[in-house]
Amino acid sequence: MTDHEHEVPAMPISDREVPAPPSTDPNHDAIDAAGLDPANASWLRGLVDIVEPRLDAVRGDWREAADPVVARACAFGLLLATVAQRYPASREVLARVAEVHPSYGPLPPGHRLETLERIAGDGELTVAWVGPVLDVAEADALAPLRQ
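Remember, it's a predicted structure, so these values are computed and weren't measured experimentally.

Peer 1: Just to check I follow, could you spell out the overall build of the protein for this structure?
Peer 2: The secondary structure content of the protein amounts to seven helices and zero strands. Ordered by position from the N terminus, the helices and strands of the protein form the series α-α-α-α-α-α-α. When burial is assessed residue by residue, the protein has 39% of its 147 residues classed as buried. Considering only residue pairs separated by 6 or more positions, the protein has 57% of its internal contacts joining residues 24 or more positions apart. Summing over all exposed atoms, the protein offers an accessible surface of approximately 8600 Å²; the carbon and sulfur share of this is 56%.

Here it is as structure tokens:
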């Protein structure tokens, strides 16, 4: 017997066995983790789509900033807060997403949406929340993220 006769033949790997690559978008991860119905999940994915244009309005080169993933997460939090203020009927859905968002762990559990609303409602808190990530120190410059 040769060494080759003892080798185990290679088994093909199916698509189901290949692990998904790690996500680079915690906003989509939060929507997935919130266990929403398809209509609300789709609506929130549409909100995610407007995060980057809002960041572009603040600073066109934000993608080259220290951490663009964190910038998107911060901007999405401000957007969740703004939408909650404008559409109170959506609060439960928005709160579910805020509670499971992997970037909002430091915010008080059970009150993450309310905390985001306080941050969005106060220019100084907004600067403290997202300013360092974007290297922006003026609340007026961050206004596109709070509208």
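Peer 1: How do you make sense of unusual backbone geometry when you look at a structure like this?
Peer 2: Note on backbone geometry: most residues besides glycine have negative phi, and most peptide bonds are trans. Despite not being glycine, Asp-135 shows a phi value in the positive range, around 60°. Mapped onto the elements of the fold, Asp-135 is located in the segment after helix 7 (123-134). Under the relative-accessibility criterion, Asp-135 is labelled exposed at 67%.

Peer 1: Explain the environment of Ala-98 to me, please; I cannot follow it from the model alone.
Peer 2: As for its position among the elements, Ala-98 is in helix 5 (residues 91-100). Sequence separation between Ala-98 and Arg-112 is 14 residues, and the spatial gap between their C-alpha atoms is 5.9 Å. With near-sequence residues (within four places) excluded, Ala-98 lies in contact with Leu-80, Tyr-104, Arg-112, Leu-113 and Leu-116.

Peer 1: How should the packing of aromatic side chains be read in this particular structure?
Peer 2: How two aromatic rings sit relative to each other is given by the distance of their centres and the angle of their planes. Considering all chains together, one arrives at one aromatic pair under this definition. Between Tyr-104 and Trp-129, the aromatic rings sit 6.0 Å apart at their centres with planes inclined by 50°, giving tilted as the arrangement. Taken together, the positions of Tyr-104 in the loop between helix 5 and helix 6 (112-121) and Trp-129 in helix 7 put the pair 25 residues apart, joining distant regions of the chain. When its relative accessible area of 18% is taken as the criterion, Trp-129 is described as buried.

Peer 1: Quick question: what am I supposed to make of the pattern of salt bridges here?
Peer 2: In this structure the tally under the stated criterion is eight salt bridges. We note a salt bridge from Arg-45 to Asp-32, for which the minimum N-O separation is 2.2 Å. Residue Arg-45 is found in helix 2 (residues 38-49), and its partner Asp-32 is found in helix 1 (residues 26-33); the two are separated by 13 residues along the sequence. A residue is classified by how much of its surface remains accessible, and Arg-45, at 27% relative accessible area, is partly exposed. Close ionic contact of Arg-91 with Glu-114 constitutes a salt bridge, the shortest N to O distance being 3.9 Å. Of the two residues, Arg-91 is situated in helix 5 and Glu-114 in helix 6; the sequence distance between them amounts to 23 residues. Look at Glu-114 and you get partly exposed, because its relative accessible area is 34%. Via salt bridges that share partners, Glu-52, Asp-56, Arg-63 and Arg-72 belong to a single interconnected network.

Peer 1: I keep staring at the nonpolar core and nothing clicks. Help me out?
Peer 2: With 40 residues, the main nonpolar core has Leu-44, Phe-76, Leu-80, Val-97, Trp-129, Leu-134 and Leu-145 as its most contacted residues. If you list the elements that add at least two residues to this core, you get helix 1, helix 2, helix 3 (51-58), helix 4 (68-86), helix 5, helix 6 and helix 7. Counting residues per element, this core draws most heavily on helix 4, at 10 residues. The contacts of Leu-145, once residues within four sequence positions are left out, are Arg-54, Leu-55, Val-58, Ala-75, Leu-78, Leu-79, Thr-82, Val-130 and Leu-134.

Definitions and cut-offs
- Residues numbered from 1 in each chain as written.
- Predicted model: local features only at pLDDT ≥ 70, side-chain atom pairs only at ≥ 80, totals over all residues.
- Heavy atoms only, no water.
- Helix = DSSP H or I, 4+ residues; strand = E, 2+ residues; numbered from the N terminus.
- Buried < 20%, exposed > 50% of the residue type's maximum accessible area, 1.4 Å probe, protein only.
- Contact = heavy atoms within 4.5 Å.
- Areas by Shrake-Rupley, 256 points an atom, 1.4 Å probe, with all protein chains shown as cover.
- Phe/Tyr/Trp six-rings, centres within 6.5 Å; stacked < 30°, edge-to-face > 60°.
- Salt bridge = Lys/Arg side-chain N within 4 Å of Asp/Glu carboxyl O.
- Core = buried A, V, L, I, M, F, W, Y, C linked by side-chain atoms within 4.5 Å.

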